[in-house]
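Working through the structure, step by step
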Amino acid sequence: MTLLLDGHKVQGKNLKVTANLRIESGDMSGQTSNTDKAHKGFKPKTLTVSLMIPFVDRTQMTDLMRLAESTAGGGQLHLYRVVNDTAAAFGVRQVEFSEGISAREDDSLRAWLVQFTLSERESNPEKVEGRRAGNKVNAQGGPGSAVGEGGDGSGSGGGSTGDPALSGFEKVLGRVDKWLGGSEQS
């Protein structure tokens, strides 16, 4: 099995990649014994990688640490293109290091047992969710008139029986405003 991050091969022996997709759900039973659950979406897929690096191959450990500590502009973690059969099967294309990296000395072998987690970024579901149109907000109304409108006797010019008439020029300006704002239907 091979693991490439931006074309850099992760060196080591006995490389194992475990893919995970967490599906969030919430309990809807309240105080009852109902088993209904609310689907709350898919969380980013993760790849847990474990491998062994012999002590004599210290440069492999140094290279792996350099990849894990790499940052992009603004101090953000570096985003890697991943090449691996398990990652491809799960549809994971871009990852970043997450949840740390650990290396412990093996009891019998002169080697480190290394484990780290790569978390998916910019997945297809994430892109689709970003493009999805937001829910339209409907204005709520109630009986009576809006605050500041009509019938207070102060001569403010507002009537309580409807909207004041707009001049022809004001109507044209209103249409242009709606067109520029993108709120007018075609």
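With an unreviewed UniProt entry as reference, the protein is termed DNA-binding protein, source organism Pseudomonas fungipugnans.

1. Describing the sheet that holds strand 1 (residues 4-5)
Think of a sheet as strands paired side by side through backbone hydrogen bonds, with each pair either parallel or antiparallel. Taken together, 7 strands build an open sheet; the order of strands is 2-1-7-8-9-6-3 and the sheet is antiparallel. Every other strand in the sheet has two partners, leaving strand 2 (8-9) and strand 3 (13-20) as the edge strands with one partner each. The pairing of strand 1 with strand 2 spans 2 bridges and is antiparallel. Note that in strand 2 the partner of Leu5 across the bridge is His8. With respect to the sheet, helix 1 (residues 58-69) is in contact with strand 1, strand 2, strand 6 (46-54), strand 7 (80-83), strand 8 (94-105) and strand 9 (111-120), its orientation differing from that of strand 8 by roughly 140 degrees.

2. Let's talk about the confidence of the model for the protein
Residues at a pLDDT of 70 or more form 72% of the protein, whose mean pLDDT is 80. Low pLDDT, under 50, characterises residues 152-162; the predicted model gives this stretch 4 contacts beyond four residues in sequence or across chains.

3. Description of the pairing of strand 6
Strand 6 sits mainly inside the fold: 7 of its 9 residues count as buried. As judged from the 6 bridges shared by strand 3 and strand 6, these two strands associate in the antiparallel manner. Bridging from a neighbouring strand, Ala19 pairs with Leu47 of strand 6. As judged from the 9 bridges shared by strand 6 and strand 9, these two strands associate in the antiparallel manner.

4. Section: the environment of Leu4
Structurally, Leu4 can be placed in strand 1. Given the relative accessible area of 23%, Leu4 is considered partly exposed. C-alpha separation for the pair Leu4 and Asn84, spaced 80 residues apart in sequence, amounts to 6.7 Å. Aside from chain neighbours lying at most four places away, what touches Leu4 is Lys9, Arg81, Val82 and Val83.

5. Focus on the pattern of salt bridges
Side chains that differ in charge, positive against negative, can pair when their charged atoms come close. One pass over the full model with this rule turns up 2 salt bridges. Asp6 is the salt-bridge partner of Arg81, the closest N and O atoms lying 3.9 Å from each other. Here the residue Arg81 occupies a position in strand 7, and Asp6 occupies one in the loop between strand 1 and strand 2, the gap between them amounting to 75 residues. On the accessibility criterion, Asp6 (25% relative accessible area) is partly exposed. The partner of Glu96 in a salt bridge is Arg121, and the shortest N-O contact between them spans 2.8 Å. Highlighted residues: Glu96 in strand 8 and Arg121 in the loop between strand 9 and helix 3 (124-131), separated in sequence by 25 residues. With a relative accessible area of 14%, Glu96 lands in the buried category. Exposure remark for Arg121: the relative accessible area of 31% places this residue in the partly exposed category.

Calculation notes
Residues numbered from 1 in each chain as written. Predicted model: local features only at pLDDT ≥ 70, side-chain atom pairs only at ≥ 80, totals over all residues. Heavy atoms only, no water. Pairing = 2+ DSSP bridges. Helix = DSSP H or I, 4+ residues; strand = E, 2+ residues; numbered from the N terminus. Contact = heavy atoms within 4.5 Å. Axes fitted to C-alpha atoms, helices over the stretch in contact; angles between N-to-C directions. pLDDT = per-residue confidence, 0-100. Buried < 20%, exposed > 50% of the residue type's maximum accessible area, 1.4 Å probe, protein only. Salt bridge = Lys/Arg side-chain N within 4 Å of Asp/Glu carboxyl O.

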